[in-house]
Amino acid sequence: QVQLVESGGGLVQAGGSLRLSCAASGRTFSNYAMGWFRQAPGKEREFVAAISWSGGSTYGADSVKGRFTISRDNAKNTVYLQMNSLKPEDTAVYYCNKPPHPYTEVDRTRPFGSWGQGTQVTVSS
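Procedures and definitions
- Residues numbered from 1 in each chain as written.
- Predicted model: local features only at pLDDT ≥ 70, side-chain atom pairs only at ≥ 80, totals over all residues.
- Heavy atoms only, no water.
- Helix = DSSP H or I, 4+ residues; strand = E, 2+ residues; numbered from the N terminus.
- Buried < 20%, exposed > 50% of the residue type's maximum accessible area, 1.4 Å probe, protein only.
- Contact = heavy atoms within 4.5 Å.
- Disulfide = S-S within 2.5 Å.
- Pairing = 2+ DSSP bridges.
- Axes fitted to C-alpha atoms, helices over the stretch in contact; angles between N-to-C directions.
- Salt bridge = Lys/Arg side-chain N within 4 Å of Asp/Glu carboxyl O.

Engineer: Is there a simple way to explain the side chain of Asn-77 in this structure?
Structural biologist: Here Asn-77 is to be found in the loop between β7 (68–73) and β8 (78–83). Residue Asn-77 is classed as buried on the basis of its relative accessible area, which comes to 17%. Setting aside chain neighbours within four positions, we find Asn-77 in contact with Cys-22, Ala-23, Ala-24, Ser-25, Gly-26 and Phe-29.

Structure (structure tokens):
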């Protein structure tokens, strides 16, 4: 098991950028796919982006394609979410997700596994 800690959130103007980080404990981080989800007040948790365990494949939600980029640095046990061209609709708490088993992909619609505590992203208009 690993502990996940998100950071990098904050207040940014529309059109600006933020880079979120998810730091994981554990020596098997590189064997797991990782994902980012977000949740706005009063709304359901929503898939944002995911990266394969190898780092060779990434995929994102239609709402963020072309704006957000997920990456990972296994040497640092960290997954990143680079967010550009931010919109007010991106305002949410962003959560890091680790699937329950190694060498599996993030389930975009029914995610299981571990979650971090979340980091708040607020985009002003």
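Engineer: I'm lost on the state of the cysteines in this one. Help?
Structural biologist: Between two cysteines, a covalent bond joining their sulfur atoms is known as a disulfide. A full pass over the atoms with the stated rule returns one disulfide. Disulfide pairing places Cys-22 opposite Cys-96 at an S-S distance of 2.1 Å. Measuring the twist about the S-S bond at about -85 degrees, one finds the Cys-22-Cys-96 disulfide to be left-handed. In this pair, Cys-22 sits in strand β3 (residues 18–24) while Cys-96 sits in strand β9 (residues 92–98), placing the two residues 74 residues apart along the sequence. Assigned by exposure class, Cys-22 and Cys-96 land together as buried.

Engineer: Would you mind showing me how to read the sheet that holds β8 here?
Structural biologist: What holds strands together in a sheet is hydrogen bonding between their backbones, with the strands either parallel or antiparallel. Ordered in space as β1-β3-β8-β7, the four strands form an open sheet in which the pairing is antiparallel. At either end of the open sheet lies a strand with only one pairing partner, and these are β1 (4–7) and β7. Recorded for the sheet is a direction-independent mean angle of 15 degrees between the axes of neighbouring strands.

Engineer: In this structure, what is going on with the pattern of salt bridges? I would like to understand it.
Structural biologist: Pairs may arise between side chains of opposite charge once their charged atoms sit close together. Applying the stated criterion across every chain yields a total of four salt bridges. For Lys-65, the salt bridge identified is with Asp-62, shortest N-O distance 3.3 Å. You can call Asp-62 exposed: its relative accessible area is 65%. Among the salt bridges present, the one from Arg-67 reaches Asp-90, with a minimum N-O distance of 2.8 Å. With Arg-67 in the loop between β6 (58–60) and β7 and Asp-90 in the loop between β8 and β9, this residue pair connects regions lying 23 residues apart in the sequence. Residue Arg-67 shares its accessibility class with Asp-90, and that shared class is buried. What emerges from the salt-bridge pattern is a single network uniting Arg-38, Glu-46, Arg-67 and Asp-90.

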